[in-house]
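So you can see what is in the structure, the chains are spelled out below.
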Protein chains: 2
Amino acid sequence: MNAPVATSLLHPEFVQRPVPEAFVQALAARFGSQCSTALAVREQHGRDEGAIAAPPPAAVVFAESTQDVQDAVRLCARHGVPVIPYGAGSSLEGHLLAVEGGISIDVSRMNRILSVNTEDLTVTVQPGITRKQLNDAIKDTGFFFPIDPGADASIGGMASTRASGTNAVRYGTMRENVLSLEVVTASGEVIRTGNRAKKSAAGYDLTRLMVGSEGTLGIFTEITVRLYPLPEAVSAAVCSFPSIEAAVRTVIQTIQVGVPIARVELIDVNSVRMVNAYSKLELREEPMLLMEFHGSPTGVKEQAEMVQEIAGEFGGNAFEWAERPEDRTRLFTARHNAYFAAVASRPGCRCITTDACVPISRLADALLDCVTEADASGIPYFLVGHVGDGNFHFGYLIDPDSEDERTRAEQLNSQLVQRAIALGGTCTGEHGVGIHKQGFLREEAGDGAVQMMRAIKQALDPRNILNPGKIFALQ
Amino acid sequence: MNAPVATSLLHPEFVQRPVPEAFVQALAARFGSQCSTALAVREQHGRDEGAIAAPPPAAVVFAESTQDVQDAVRLCARHGVPVIPYGAGSSLEGHLLAVEGGISIDVSRMNRILSVNTEDLTVTVQPGITRKQLNDAIKDTGFFFPIDPGADASIGGMASTRASGTNAVRYGTMRENVLSLEVVTASGEVIRTGNRAKKSAAGYDLTRLMVGSEGTLGIFTEITVRLYPLPEAVSAAVCSFPSIEAAVRTVIQTIQVGVPIARVELIDVNSVRMVNAYSKLELREEPMLLMEFHGSPTGVKEQAEMVQEIAGEFGGNAFEWAERPEDRTRLFTARHNAYFAAVASRPGCRCITTDACVPISRLADALLDCVTEADASGIPYFLVGHVGDGNFHFGYLIDPDSEDERTRAEQLNSQLVQRAIALGGTCTGEHGVGIHKQGFLREEAGDGAVQMMRAIKQALDPRNILNPGKIFALQ
């Protein structure tokens, strides 16, 4: 989900820690022109694409090497100053906000590919490279990195938030695709969390602990991720359904019989209308599934035929093929533009986005109840979902000047999350917790599990300098 | 790998903590006949299938519920007594040994299936159920749990050691297949590490932190794992090669072109000879690959044809099919019996097993150098490998009464591990660290990473009662 740069939606009373003058001087001495205190630069680094605002960081360091990150973190450690890693700025839950003050370390200049190992299907990169930069750079190797959260996020940021997106149903999320990390710890030490072996039983899984830790346990300086062979054949299809339930039942059965579908996206009728208006398309105004199949030519054909047959059983119709790349691009562009189409449908609106994920067997129930509530609220909304994983996003399109609409949208979000948790799901499938979902995390994980997370944080970052105030409050 | 019950190979000076009399009385009062202090029972629970021995635990509690585990852990916490979870006793690296004394909690009576959710492809079980019990119980559902480490290990034990085995190349390891856990913590609290949603970005990945933690961070009382649809078609094939390198090159290319092979096992010529003698077979005495393909009938045929073509390029010959279940069973029984065949080839011997895993591109190099060294040593050995993952096991067949052979075998193991680490690999692909590989873990992960593991352990188990002395020393 892409979202426009937010002005403030909430104004919590963030308490910023003092930044000692000696620290500022030491930082300037070490980093010179790699360090900026210009307001515009600080403001740019003090926000993400979410809806919460906070005062900007005191300075921004543009790191160009692991050594730079180490030196900056060591200075922060010495002076007790918070430090927030910054990649592409596309996170959604307030991850980048300097809620306790401190500095931002921008790693976007650390965007090199360090080694491509096509025999092992791995690539090692610096954290600032974006997923599109990575795929462009390796496009002639016959391999690709599949994780696609929509935004052109940095690989470091994607690892930090355990990102996923449209083709996680086949290729997994960052959890499955990060093999190892080089990490600068809270004391400025460098550790490696793993190696390039495909599997390992050597001690605690520090890689998976770091993935999704949102910058609170360490700053990533090298990342080894998996590559996949470019599929020999790709085809896409779109199919309309009489109801959301029929579409979801089709997906459940597809997964259950083991069709290795590469993408399967649900778009509700509101989204279809908005996309038609925005992109001058004439998609049938019914809930629809957008699908993509990867494999051998025979395999792809077989997969698609199986899904078509299943869809037929649930009343799916207008099963249309898109075998040519340009037709596929057109379809998935429509999907990727759903957000912009929605925002354009209500000029001046702001979008409040949800990110719940439920076991797929409960997806129809979850969606139908949420649709009923959203319809009853009178607030315009749209619904898209990575339904193969049970992950879905409602976008509530509110008037930013209406306190009432905001309250009602947050209430819808809250009801939706509580429903997802009650159904055995999670408040966040892929966006992370950040600031916005800390209350939901407590409800979902329980006090004992959150307390365990806190204990780990305190053990690894006793001065609480690494992106403090995110995921959970320490007190 | 199965290994016979060991008598002592090494006799480290394990220092056992005192067990207060008040603790023993409280344990007996709470657990009555569920608690045993009989020497035979304690001895059975104080060893695993590895080669190290230690004095037995002071008592064994047969837990029948989460509450039992909680109560036992609370008593241990109150009295500072170590507690070691015990499943099927099939671990290999000394995981179950009471090296600091304390009690064993046997969870084998906690072997119920709590819920099967075929729509979500998940099953929730108690930790004591073994993988064969699980698959037997769900065999009529059309789904199966694929992880197969050879031994009929408990699911709890497999999660604890991050086990994998022959078909991890397609289905992943316990790392990828455990969705969530109920865990009794060091203080006797119960937490849940996740839910049944297929993906989540909700805070630290406690599930993955617990998987592979070898009983040192908590005791698992419920485990939710993934199921897979039984493949519509299965076929197996065996192919001989002029050299190990030719076999390995075939595997690399197979993986690289994206053939979703389900199993691909390397057996060296020594193993073939031993298996022929043991199982009265007439397999061609050359290095060979045993392969299995899962999918649709067309897909399986296509996969196998691709591999046959690749094998042909590397001089593979005698590509034989086994489409009938009994022929497949015969082939994979030969593989599973390789260990017993090897031990039978040198009566009275003991087997010292290695477990390194390297990036697949380095596998041929790693194997060839290790073969050269093993041949030069004069010690009989065999080599089998889950080569699709780069994981391989040498078994050195030593005379247990020969100090010299033991020293040389340990030296071969040490050289092999150092080579694997230098090639970007790990000292343990699937057996875990336990007691035996603590030195290797330090070499592999580095002091900083091991120190991070220690810090986590100390934060979550400040009195060091959960399986102390495993993975790393605390001082």
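Residues numbered from 1 in each chain as written. Chains lettered and ligands numbered in written order. Predicted model: local features only at pLDDT ≥ 70, side-chain atom pairs only at ≥ 80, totals over all residues. Heavy atoms only, no water.

1. Remarks on the sheet that holds strand S2 (residues 59–62) of chain A
Residue and element names in this part refer to chain A.
Piece 1. Sheet architecture is open: four strands sit in the order S1-S2-S4-S3, paired in mixed fashion. The sheet terminates laterally at strand S1 (35–36) and strand S3 (83–86), the two strands that pair on one side only.
Piece 2. The sheet contact formed by S2 and strand S4 (residues 103–106) spans four bridges and is parallel. Bridging across to S4, Val 60 finds its partner in Ser 104.
Piece 3. Sitting on the sheet, helix H1 (residues 21–31) touches S1, S2 and S4, and the angle it makes with S2 is about 25°. (Pairing = 2+ DSSP bridges. Helix = DSSP H or I, 4+ residues; strand = E, 2+ residues; numbered from the N terminus. Contact = heavy atoms within 4.5 Å. Axes fitted to C-alpha atoms, helices over the stretch in contact; angles between N-to-C directions.)

2. Looking at unusual backbone geometry
Piece 1. Notably, Arg162(A) is not glycine yet its phi reads approximately 55°, a positive angle.
Piece 2. Inspection of the secondary structure puts Arg162(A) in the loop between helix H5 (155–161) and helix H6 (168–171).

3. Here we look at the relation of the copies chain B and chain A
Piece 1. Of the transformation superimposing chain B on chain A, the axial component is 0.0 Å and the angular component is 180°, with the fit at an RMSD of 0.0 Å. Look at the turn and shift together and you get a two-fold axis relating the two.
Piece 2. Take the interface residues of chain B: 100% of them recur as interface residues in chain A, which is what a same-surface contact looks like. (Least-squares fit on C-alpha atoms with pLDDT ≥ 70 in both.)

4. Some points on the UniProt feature "domain: FAD-binding PCMH-type" (unreviewed entry) in chain A
Piece 1. The positions that UniProt labels "domain: FAD-binding PCMH-type" (unreviewed entry) are, in the present scheme, residues 53–230 of chain A.
Piece 2. For residues 53–230 of chain A, helix accounts for 23% and strand for 24%, while the C-alpha atoms at its two ends are 41 Å apart. (UniProt positions renumbered as here; feature names shortened; annotations may be inferred.)

5. Concerning the domain arrangement of chain A
Residues and elements named next belong to chain A.
Piece 1. Taken as a whole, chain A is organised into domain 1 (21–108), domain 2 (113–229), domain 3 (231–345) and domain 4 (347–437).
Piece 2. Computed from C-alpha atoms alone, the centre-to-centre distance between domain 1 and domain 2 is 22 Å.
Piece 3. Domain 1 puts 16 residues into the contact, and the matching count from domain 2 is 20 residues.
Piece 4. Connecting domain 1 to domain 2 are zero salt bridges.
Piece 5. On the surface where domain 1 and domain 2 come into contact, there are four residue pairs in polar contact (both at pLDDT 80 or more).
Piece 6. Tallying contributions element by element places helix H3 (residues 66–79) first for the side of domain 1 that touches domain 2, with six residues.
Piece 7. Here the side of domain 1 that touches domain 2 is built from residues that sort into eight nonpolar, six polar and two charged. (Domains from an automatic or database assignment. Salt bridge = Lys/Arg side-chain N within 4 Å of Asp/Glu carboxyl O. Polar contact = N/O pair within 3.5 Å; in protein donor to acceptor, adjacent residues only side chain to side chain. Nonpolar A, V, L, I, M, F, W, Y, C, P; charged D, E, K, R; others polar.)

6. Brief notes about the pattern of salt bridges
Residues and elements named next belong to chain A.
Piece 1. Taken as a whole, this structure holds 64 salt bridges over all chains when the rule is applied.
Piece 2. As a salt-bridge pair, Asp 148 and Arg 131 come within 3.1 Å of each other at their nearest N and O atoms. Of the two residues, Asp 148 sits in the loop between strand S7 (143–144) and H5 while Arg 131 sits in helix H4 (residues 131–137), which places them 17 residues apart along the sequence.
Piece 3. The class of Asp 148 is buried, set by a relative accessible area of 7%.
Piece 4. Residues Arg 346 and Glu 405 are paired through a salt bridge, measuring 2.9 Å at the closest nitrogen-oxygen approach. Pair noted here: Arg 346 is in the loop between helix H13 (338–345) and strand S16 (350–353) and Glu 405 is in helix H15 (residues 403–422), with a separation of 59 residues, a long-range link.
Piece 5. The partly exposed category is assigned to Arg 346, whose relative accessible area is 22%.
Piece 6. Put simply, Arg 131, Asp 148, Arg 263 and Glu 292 are held in one network by salt bridges that share partners. (Buried < 20%, exposed > 50% of the residue type's maximum accessible area, 1.4 Å probe, protein only.)

7. Overview of the environment of Val259(A)
Residue and element names in this part refer to chain A.
Piece 1. Position of Val 259 relative to the elements: it lies in the loop between helix H9 (244–256) and strand S13 (263–267).
Piece 2. Classification of Val 259 as buried rests on a relative accessible area of 7%.
Piece 3. In sequence terms Val 259 and Glu 302 are 43 residues apart; their C-alpha atoms lie 9.1 Å from each other.
Piece 4. The contacts of Val 259, once residues within four sequence positions are left out, are Thr 254, Gln 303, Met 306 and Val 307.

8. Details of the side chain of Arg42(B)
Piece 1. You can see Arg42(B) is positioned in helix H2 (residues 39–45).
Piece 2. Of the side chains with opposite charge, Glu43(B) lies nearest to the buried Arg42(B), which makes no salt bridge, at 7.2 Å. (Lys, Arg positive; Asp, Glu negative; His and termini not counted.)

9. A closer look at the interface of chain B and chain A
Size of an interface, as often reported, equals the accessible area lost when the parts are brought together.
Piece 1. Counting residues at the interface gives 82 residues for chain B and 82 residues for chain A.
Piece 2. A combined buried area of about 6,300 Å² lies between chain B and chain A, and 58% of that area is made up of carbon and sulfur atoms.
Piece 3. On the chain B side of the contact with chain A, Lys199(B), Tyr204(B) and Met452(B) bury the most area, a combined 15% of that side's loss.
Piece 4. In this structure, the connection of chain B to chain A is made through eight salt bridges.
Piece 5. Its salt-bridge partner being Lys199(A), residue Asp389(B) comes within 3.7 Å of it at the nearest N-O pair.
Piece 6. Counting across the interface, chain B meets chain A through 38 residue pairs in polar contact (both at pLDDT 80 or more).
Piece 7. Going through the elements one at a time, helix H6 (168–171), helix H7 (174–177), strand S9 (190–192), helix H8 (206–210), helix H9 (244–256), helix H11 (297–313) and helix H16 (438–460) of chain B are the ones with two or more residues in the side of chain B that touches chain A.
Piece 8. Classifying every residue of the side of chain B that touches chain A gives 33 nonpolar, 29 polar and 20 charged. (Buried area = accessible area lost by both parts, 1.4 Å probe.)

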